[in-house]
Amino acid sequence: MKYSFSAMLFCMTVFLSCTGKSPNTYISSVQCRNLENPVCVDKATFGWQIKSDAQNVIQTAWEIEVASSREALEKGKADVWSSGEKEGEAQLGIEPENSAFHPGHLYWWRVRIRDGERKMTPWSKPACFSVGPGPAKENWKARWITAEWEDNMPMPYFRKTFHAGNRIERAVAYLSGLGCSDLFINGARIDSTRILDPAQTNYEQYALYSAFDVTQQLRKGDNCIGIMIGNGWYNQDIVWGKGFGYGKPIVLMQLEIMYENGTRETIATDDSWQWTTGPVTGTNIYAGETYDANREIKNWSEASSDCSNWKKAVMASGENIPKELYPQLMPPIRLQKVIEAVDMWQDREGNWIFDFGVNVAGVPVLTVRQPGGTYLKMRMGELLNDDRSINYATTGVFATNVVQTDGYICSGEGTERWTPRFTYHGYRYLELSGMATKPELSWIGTAPVHNDVKRQGSFECSDGQINRLHEMAIRTMLGNTHGIPTDCPHRERCGWLGDAHAVAPFENLNFDLNLFWMKYLADIHSSSSVFLENTLHQKLHNNEFYFADKQPGIPFMISPGKRLCGVASPDWGTAVVQLPWYVYLYYGNKEALELYYDEMKQWVEHIQALTENDIVPYGLGDWCPPGGNKEIDCPIPLSSSVFHYLDAETVSKAADVLNKKEDAATYEALANRLKKAFIREFYDTENNTFGSQTANAMALAYGLFPENSGNAISDATVGEIKKHHDFIHTGIFGLGRIGQALSRYGNDKTAFEVFTKTGEYSFAYMWEHAGATTLWEILPVSEASEKVCVEGASSLNHPMQGVYDAWFYEDIAGIRPEKAGYKVIRFEPTMTRRLSWAKGTIETPYGPASSDWKKENGSLYWTVTIPPNTSGQVIIPRGKETKLNSVVIDNSPSSHHLPSGTYQITVKE
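About the cut-offs
- Residues numbered from 1 in each chain as written.
- Predicted model: local features only at pLDDT ≥ 70, side-chain atom pairs only at ≥ 80, totals over all residues.
- Heavy atoms only, no water.
- Buried < 20%, exposed > 50% of the residue type's maximum accessible area, 1.4 Å probe, protein only.
- Helix = DSSP H or I, 4+ residues; strand = E, 2+ residues; numbered from the N terminus.
- Pairing = 2+ DSSP bridges.
- Expected span 1.5 Å × (residues − 1).
- Bend = angle between axes of the 7 residues up to and from the residue.
- Phe/Tyr/Trp six-rings, centres within 6.5 Å; stacked < 30°, edge-to-face > 60°.
- Lys NZ or Arg CZ within 6 Å of the ring centre and 35° of its normal.
- Polar contact = N/O pair within 3.5 Å; in protein donor to acceptor, adjacent residues only side chain to side chain.
- Contact = heavy atoms within 4.5 Å.
- Salt bridge = Lys/Arg side-chain N within 4 Å of Asp/Glu carboxyl O.

Brief notes about the pairing of strand E43 (residues 859–875)
Then step 1. Here E43 lies mainly inside the structure; 14 of its 17 residues are buried.
Then step 2. Across four bridges, the pairing between strand E40 (residues 824–827) and E43 is parallel. Paired with Phe827 across the two strands is Val874, which belongs to E43.
Then step 3. Here strand E42 (residues 847–856) pairs with E43 via seven bridges, running antiparallel. Paired with Asp852 across the strands is Thr863, a residue of E43.
Then step 4. Bridge count between E43 and strand E46 (residues 895–908): 13 bridges; the pairing is antiparallel. The partner of Thr865 across the bridge, within E46, is Thr902.

Structure (structure tokens):
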């Protein structure tokens with residue numbers, strides 16, 4: 001006997017109730033502003049996860065309490081805010097009503113919910129948060145200070161001594177050192193793995209500050225605050241020219257001390273602070289850092305240190321002083337686990353070359369014993385010449401006019417350990433020179449450097465080549481996550497909008513980037529907000545350029561910073577529409593739409609005004625196919641028109657979410673009109689194709705094809721693959737969509753063959769012949785494409801080429817968001833006929849969701865986990881017999897909507 005899904009679920013519910021087992025449902029992972037117990041946020045928004053061993057768990061109501069102390073909260077005294085019991089399933093982004101939070105004060109909160117049976121859970125464990133000073137100048141006692149700068153002057157130390165009273169309850173330090181800074185208190189570095197802090201912004205408008213709970217570092221009596229500062233992005237005046245910096249480094253710091261008796265004390269930067277030059281004798285984010293250990297001042301940040309010869313700090317001024325300050329919410333950039341060198345050898349010039357085995361963004365970690373005054377010079381690159389010396393060309397020397405170089409002058413005092421703090425590099429190989437003795441392999445390691453973003457996705461399958469591609473995408477992505485989504489970690493290090501919207505889906509599946517993208521969206525917004533006369537624009541119909549006024553709200557190609565590269569083209573500027581939507585889709589963060597809806601709408605209107613018969617005639621196109629951009633075979637008007645359609649459709653959906661019904665209807669109608677124009681202009685009805693792999697893949701991805709022609713277009717894509725050595729011939733727009741264009745339309749065999757092919761014209765060629773450990777700007781999938789990349793001095797670390805990785809999660813593991821924040825999750829593996837097993841897990845905002853399947857003895861065994869208060873749209877492959885939790889069910893139709901829980905599905909083929 002076969003049961004329907006609804007009957008099956010009813011039986012399961014009855015069974016659970018009859019066992020006498022009481023399901024254990026409770027609250028976990030409580031977060032404020034998407035952070036656990038944050039030291040500092042800009043405002044309070046609450047979220048939580050529900051844990052349960054029951055099926056079909058939903059939330060029907062919630063209640064939050066906020067108190068001024070933990071003791072008050074635990075006694076049930078919500079003296080700050082009590083929501084009362086609120087009906088509904090909402091558990092993300094809950095904002096307290098009519099509540100003011102005092103900066104620096106530590107607040108405590110908890111939450112409980114009612115489930116579908118109206119049973120109330122216990123209160124969650126108490127959690128805490130505090131807000132920081134507001135963005136405006138009047139909210140700060142601290143003032144920007146600097147040093148008396150001279151040409152070629154070493155970077156300064158800053159310090160301030162002060163007296164602290166007894167019985168300190170809490171102390172929080174707020175620091176913004178521009179370009180970047182390190183904080184010391186009483187001789188100890190605070191948060192020693194945190195570097196390049198704070199992240200880059202449009203400094204003339206705003207800067208970020210970092211917050212540190214330093215309660216344990218203070219003591220009764222005399223204390224000392226010390227700050228080391230570097231040029232960072234603020235004073236980057238070597239690469240791209242003098243006009244790309246903002247001025248000499250500046251620093252603002254405010255320490256708030258709260259005593260148990262309720263009094264407060266503020267220590268803030270002003271002209272009573274002191275400075276002197278330190279051991280960092282040169283620093284540039286691109287060029288590198290030089291450190292003279294003989295210039296170190298011992299105990300310089302101790303209160304007892306003699307600083308009688310230090311100078312008085314200078315009050316900073318000028319047009320590039322940030323007008324506003326905001327707390328840095330996204331994870332900071334950190335030094336990661338050190339990678340040891342795997343080999344070393346001497347080149348013909350006598351330099352020693354260290355090989356770290358993988359290409360990363362990082363900094364050298366030096367451990368040496370050398371005579372005093374020894375100058376150790378380290379130069380970094382990604383590639384070797386034929387004679388095994390380092391080829392620096394791919395790090396962008398032709399553009400930057402610098403080789404990535406760090407220098408360390410030894411003090412001669414025993415074993416010395418050093419790591420640069422104010423720069424980073426992209427490299428696999430390091431050249432060492434200047435040593436007095438033969439080096440050892442252990443002298444130099446490499447610490448990868450990137451934002452300490454939380455891994456939330458995992459993927460693995462039965463094919464080792466696909467797993468290797470996944471690992472390469474992750475390594476490349478992390479090597480380009482440095483406060484902004486960079487294009488490469490050496491040549492440009494820029495936040496190109498086109499790269500950002502391309503990589504967002506695959507990066508969001510792997511990492512929690514909610515706060516990272518919100519920061520970058522603020523960068524785009526601030527860059528876009530200006531009016532500029534006579535600004536670079538792209539010319540219609542080709543890639544030439546012209547000059548015209550740039551209107552507020554329209555983005556540049558790059559953000560943030562002063563290197564803008566003109567007004568955004570249609571296929572790059574689409575980021576202003578797609579990124580807010582991705583933040584909403586993957587993280588359930590509605591704030592992204594609320595903040596940037598007007599700019600999303602303005603962008604669609606801007607591009608629509610440039611269309612000719614509803615076709616967008618210009619753009620950059622399907623960037624970096626295997627033969628380079630001269631071989632882009634997808635017409636630029638086609639790819640740009642796809643993005644314009646997608647933008648119109650996305651604005652319609654965003655308007656619906658924001659309850660802007662008239663706008664939703666307007667942009668839905670526009671999208672429908674654009675779709676008709678697109679098919680009319682580009683579809684070859686006789687051959688059922690749009691003419692290239694990318695063109696077909698993009699059309700299939702967004703439903704831009706005549707009804708019932710999807711399979712035929714996919715078949716035509718197979719034909720296009722055969723024309724190109726049975727392999728992919730796409731740039732980044734096609735590469736991210738080609739897998740689904742095949743596997744979702746019955747061509748899973750070709751998809752498998754493409755991604756597992758070896759030899760020339762394959763992904764395997766990248767590591768088998770080119771030695772790649774990261775993804776190159778032009779993928780070296782053949783001898784010809786490797787030559788194009790190397791001879792063109794293209795980067796060997798470009799995350800835009802990792803866009804294929806989304807298909808691994810969505811179609812191989814079979815898991816993706818169907819509704820915002822994974823409130824509804826789509827489970828649909830399309831490669832079960834080609835692989836032996838696959839598994840993927842994503843830590844959604846609601847909890848872990850997973851899809852784990854394997855093929856054994858002619859049957860598919862599939863385990864699906866759906867987190868509480870969500871549901872799953874599960875598409876089960878057809879077979880002779882289908883079982884759900886060992887009970888035979890009717891699998892016609894094959895799409896089933898399941899409530900939360902874990903399900904064992906068996907399909908006999």
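Read on, since the account is not over.
Digging into helix H5 (residues 497–510)
Then step 1. With 14 residues, H5 ought to run about 20 Å at 1.5 Å a step, and its terminal C-alpha atoms sit 20 Å apart, in line with that.
Then step 2. Of all the bends in H5, the largest measures some 50 degrees and sits at Ala504, one to four residues before the proline Pro505.
Then step 3. Most of H5 is tucked away: 14 of the 14 residues are buried.

Some points on the sheet that holds strand E14 (residues 221–230)
Then step 1. In space, the six strands of this open sheet follow the order E12-E11-E14-E9-E17-E20, with antiparallel pairing throughout. Looking at strand neighbours, the two that pair on one side only are strand E12 (188–189) and strand E20 (311–312), the edges of this open sheet.
Then step 2. In the sheet, strand E9 (residues 156–164) pairs with E14 via eight bridges, with the strands oriented antiparallel. If you follow His163 over to E14, its bridge partner there is Asp222.

What to know about the packing of aromatic side chains
Then step 1. Summed over the entire model, instances satisfying the criterion amount to 45 aromatic pairs.
Then step 2. When the ring of Phe643 is compared with that of Phe733, the centres are 4.8 Å apart and the planes differ by 75 degrees; the resulting orientation is edge-to-face. Remark: Phe733 occurs in helix H14 (residues 732–735) and Phe643 occurs in helix H10 (residues 636–657); sequence separation between them is 90 residues. For the pair formed by Phe643 and Phe733, the shared burial category is buried.
Then step 3. The residue whose ring lies beneath Lys562 is Tyr246, and the NZ or CZ to ring-centre distance is 4.5 Å.

Quick word on the side chain of Asn391
Then step 1. On the secondary structure map, Asn391 appears in strand E29 (residues 390–391).
Then step 2. Engagement of the side chain of Asn391 in a polar contact is seen with the backbone nitrogen of Ala393, the distance being 2.9 Å.
Then step 3. Excluding its chain neighbours within four sequence positions, the residues that come into contact with Asn391 are Glu382, Leu383, Leu384 and Asn385.

Examining the pairing of strand E6 (residues 107–115)
Then step 1. With seven of nine residues buried, E6 is to be regarded as a mostly interior element.
Then step 2. When strand E3 (residues 59–67) meets E6, the two strands line up antiparallel, connected through eight bridges. Pairing of Val66 across the sheet is with Trp109, part of E6.
Then step 3. Across three bridges, E6 lies against strand E7 (residues 127–129) in antiparallel orientation. Each bridged residue has a counterpart across the sheet, and for Trp108 the counterpart in E7 is Cys128.

Quick look at the pattern of salt bridges
A side chain with one charge can pair with a side chain of the opposite charge if their charged atoms come near.
Then step 1. Per the counting criterion, the structure on display carries 43 salt bridges.
Then step 2. For Glu85, the salt bridge goes to Arg114, with nearest N and O atoms at 2.6 Å. Highlighted residues: Glu85 in the loop between strand E4 (81–82) and strand E5 (86–87) and Arg114 in strand E6, separated in sequence by 29 residues.
Then step 3. Given the relative accessible area of 36%, Glu85 is considered partly exposed.
Then step 4. Linked by salt bridges that have partners in common, Arg33, Asp42, Lys43, Glu95 and Glu591 make up one network.

A look at the environment of Ile866
Then step 1. Residue placement: Ile866 occurs in strand E43.
Then step 2. Each C-alpha atom, one on Ile866 and one on Tyr822, is 9.6 Å from the other, the two residues being 44 residues apart in sequence.
Then step 3. Not counting chain neighbours up to four residues away, the residues in contact with Ile866 comprise Phe827, Ser871, Gly872, Leu898, Pro899, Ser900, Gly901 and Tyr903.

Take it as geometry only, folks, not as evidence of what the structure does.
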